[in-house]
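A closer look at the structure
The chain contents come next:
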Amino acid sequence: MGVLTFSTHATRRFSAEPQLVYEILIDYDGYAEWAPLVTKSKLLAKEGELAIAEFELVHKKAGKVTVEAIHGKNRLVLTRVISGKVPVFQWEWTIAAADKNECDVTLSIEGNKDWNWLAGGYGDFMSPKFGLDRLQSELAVFQPELAIADAQGEKILELSETDEGLVCWLRGKKYIFNPATEGKS
Amino acid sequence: MTKAVVNVPSPRPHVFAILTDYPRYKEWVPGCESSAIIGKSGEATDAQIVITGMKRMELGLRFESQGTQSINFRMISGKDLKAYTGSYRLMDSADGKGTVLVAELDVDVGGMVPKFMVDRFIGKSFDETGKALTAYAKKMPVQAEAPARGPVAAAKPRRAKRVLQIVKTAGGYNVWLLGEAFAVKR
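Parameters and conventions
Each chain has its residues counted from 1, running along the sequence as written. All chains are assigned letters beginning with A, and all ligands numbers beginning with 1, in the order in which they are written. Whole-chain, interface and lining totals are the exception, using all residues; otherwise, since this is a predicted model, local features are given only for residues with pLDDT of at least 70 and side-chain atom pairs are given and counted only at 80 or more. Note that water and hydrogens are dropped before the side-chain values are worked out from all heavy atoms of the structure. Here a strand is any run of E in DSSP of at least two residues, a helix any run of H or I of at least four, and the numbering for each starts at the N terminus. Using a 1.4 Å probe on the protein chains alone, a residue whose accessible area is under 20% of its type maximum counts as buried, one over 50% counts as exposed, and one in between counts as partly exposed. Contacts between residues were defined by any pair of non-hydrogen atoms, one from each residue, lying within 4.5 Å. Working definition of accessibility: Shrake-Rupley area with a 1.4 Å probe, residue cover restricted to the visible protein chains. In this analysis, the expected span of each helix is defined as 1.5 Å times one less than the number of residues it contains. Accessible surface is computed with a 1.4 Å probe, and the buried area is the amount of it that two parts give up when combined, taken over both parts together. Should a side-chain nitrogen of Lys or Arg be within 4 Å of a carboxyl oxygen of Asp or Glu, the pair is scored as a salt bridge. Under this definition, polar contacts are N or O atom pairs within 3.5 Å; protein pairs additionally need one hydrogen-donor-capable and one acceptor-capable atom, and for neighbouring residues in sequence, both atoms have to be side-chain atoms. At least two bridges found by DSSP between two strands are what make those strands a pair. Lines fitted to C-alpha atoms define the axes here, with helix axes fitted over just the stretch in contact, and angles between the N-to-C directions of these axes take values from 0 to 180 degrees. Domains are outlined according to an automatic or database domain assignment. Patch membership requires more than 30% relative accessible area and the absence of a salt bridge. Residues of like charge join within 9 Å; the nonpolar side chains Val, Leu, Ile, Met, Phe, Trp and Tyr join within 5 Å. To form a nonpolar core, buried Ala, Val, Leu, Ile, Met, Phe, Trp, Tyr and Cys residues must be joined to one another through side-chain atoms within 4.5 Å.

**Observations concerning the overall build of chain A**
- Looking only at helices and strands, chain A features three helices and 10 strands.
- Starting at the N terminus and ending at the C terminus, chain A contains elements arranged as β-α-β-β-β-β-β-β-α-α-β-β-β.
- For chain A, with 185 residues in total, the buried portion stands at 43%.
- For chain A, the share of sequence-separated contacts (at least 6 apart) that also reach a separation of at least 24 residues comes to 45%.
- On chain A, roughly 9,800 Å² of surface is accessible, and the fraction owed to carbon and sulfur atoms is 52%.

**Remarks on helix H3 (residues 128-141) of chain A**
- An ideal rise of 1.5 Å per residue puts 20 Å on 14 residues; H3(A) measures up with 20 Å between its terminal C-alpha atoms.
- Buried positions along H3(A) lie against strand S1 (5-14), helix H1 (18-25), strand S6 (88-97) and strand S7 (103-112) of chain A together with strand S8 (161-169) and strand S9 (172-177) of chain B.

**A few points about the interface of chain A and chain B**
- With 38 residues of chain A at the contact, the number on the chain B side is 37 residues.
- Carbon and sulfur atoms make up 58% of the area that chain A and chain B hide from each other, which totals about 3,500 Å².
- Our enumeration of links across chain A and chain B arrives at six salt bridges.
- Measuring nitrogen to oxygen at the nearest pair gives 4.0 Å for the salt bridge that ties A:Glu47 to B:Arg89.
- Applying the counting criterion to the chain A and chain B interface returns 14 residue pairs in polar contact (both at pLDDT 80 or more).

**A word on the sheet that holds S8(B)**
- Ordered in space as S10(A)-S9(A)-S8(A)-S8(B)-S9(B)-S10(B), the six strands form an open sheet in which the pairing is antiparallel. The sheet terminates laterally at strand S10 (173-177) of chain A together with strand S10 (180-185) of chain B, the two strands that pair on one side only. Direction aside, neighbouring strands of the sheet carry axes that sit 10° apart on average.
- Where strand S8 (residues 154-162) of chain A lies against S8(B), seven bridges are found, and the strand directions are antiparallel. By the bridge assignment, A:Glu154 is partnered in S8(B) with B:Lys168.

**Considerations on the domain arrangement of chain B**
- You can read the domains of chain B as domain 1 (2-139) and domain 2 (156-185).
- One C-alpha centre belongs to domain 1 of chain B, the other to domain 2 of chain B, and the line joining them spans 54 Å.

**Description of the environment of A:Val167**
Residues and elements named next belong to chain A.
- In this structure, Val167 sits in strand S9 (residues 165-170).
- Residue Val167 is classed as buried on the basis of its relative accessible area of 5%.
- Sequence spacing of Val167 and Phe177 is 10 residues, and the spatial spacing of their C-alpha atoms is 6.3 Å.

**Things to note about the pattern of salt bridges**
Residues and elements named next belong to chain B.
- By the definition in use, this model includes 21 salt bridges over all chains.
- The residue Glu128 makes a salt bridge to Lys124 at a minimum N-O spacing of 3.7 Å. You can see Glu128 and its partner Lys124 sitting in helix H3 (residues 115-139), four residues apart, about one turn around the helix.
- The class for Lys124 is exposed, based on a relative accessible area of 52%.

**Section: the sheet that holds strand S3 (residues 44-52) of chain B**
All names here are of chain B.
- Across the sheet, seven strands lie side by side as S1-S7-S6-S5-S4-S3-S2; this open sheet has antiparallel pairing. The sheet is open, and its two edges are formed by strand S1 (2-8) and strand S2 (32-41), each paired on a single side. Direction aside, the axes of adjacent strands within the sheet are offset by 20° on average.
- Of the strand pairs in this sheet, S3 and strand S4 (residues 56-66) are connected by nine bridges, and their pairing is antiparallel. For Thr45, the partnering residue across the bridge sits in S4 and is Phe63.
- Strands S1, S4, strand S5 (70-77), strand S6 (83-92) and strand S7 (99-108) of the sheet are contacted by helix H1 (residues 12-19), whose axis makes an angle of about 160° with S6.

**A word on a nonpolar patch on the surface**
All names here are of chain A.
- A surface patch of nonpolar side chains, about 270 Å² in accessible area, is lined by Leu170, Tyr175 and Phe177.
- Mapped onto the elements, Leu170 comes out in strand S9.
- Looking at Leu170, the relative accessible area reads 36%, which means it is partly exposed.

**Some words on the nonpolar core**
- The biggest cluster of nonpolar side chains holds 43 residues, and the ones touching the most others in it are A:Val21, A:Leu25, A:Tyr28, A:Trp93, A:Val105 and A:Leu135.
- If you list the elements that add at least two residues to this core, you get S1, H1, strand S2 (38-47), strand S3 (50-57), strand S4 (64-72), S6, S7 and H3 of chain A.
- Residue contributions to this core peak at five residues, all from H1(A).
- Counting residues in hydrophobic clusters, the runner-up holds 37 residues, among them B:Ile18, B:Leu19, B:Met75 and B:Tyr88.

So this is what it looks like as structure tokens:
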């Protein structure tokens, strides 16, 4: 690292399969739901181990941020900024299997050392700890069983977003909802 | 190395055909005065190109293509630059409607020109070339109709994402909402 750049990292153990972590990290359309400061996210192209994605941030002056990401199956997601005015030029997520259904995730961030970025509200964007916090929240969305011991009670209601639509289980019966067409009731 | 991504709303074979039609570069590449093929061997094509940017430059470039996926190029002759290398990588867009072009260029102008100035110029040049390519691809008739593709992203089903779960227990209700758990006692 030079005098004008920084490198920082953090590691955390998650109660999740490495595959689930990996699936979240390569779901570029879903980054807006959890990644710090990202308001819109879109996968532009994906071929083999390479993906191109585009993000929009809370900070409009950043413009559209285009990234390229290289994947190593269930182990690594390396994302580099191609265009966009952001202080970070690389995020590297490494996933290492730990005990059963657990994994250690390390997030390393490299970027430009400039206090103006921090003053501009980019602190969360440059913090690996905050990035891991947000990933943990997203993991929890896929794992309600960790928070609720449903074996001890009767599952009354469950709502899930799936490719079929919004699936609702109500007292053992399944219902599927689809978005209403705009302008129709 | 300066990189750029251009989203071209045209099929990949069409965009590839335009990028490898070197004699017609003067029809769409901003600043291109002339372009002529001077040699060809297998997938490699040598072209003599005159381009006007910061100054007028005459370059001999060797283009090497792989399938319809990538084109690498490098300077093989010319006195105006020390080095000029780059590539175009073409990918089918995830929405199935076009091509995502990843362009890379590394230029060594020699002398005392600061690198940031060169990079800024290349960035601007990428923007203009991307717009010109998009417009030209739209104007030119598509020679070979690409097979219909569905969105790439839809190929693999997404994992179900839980939103809400309510479990009735002896002591009340356990409510789980978007990653947070709440206990409601009787």
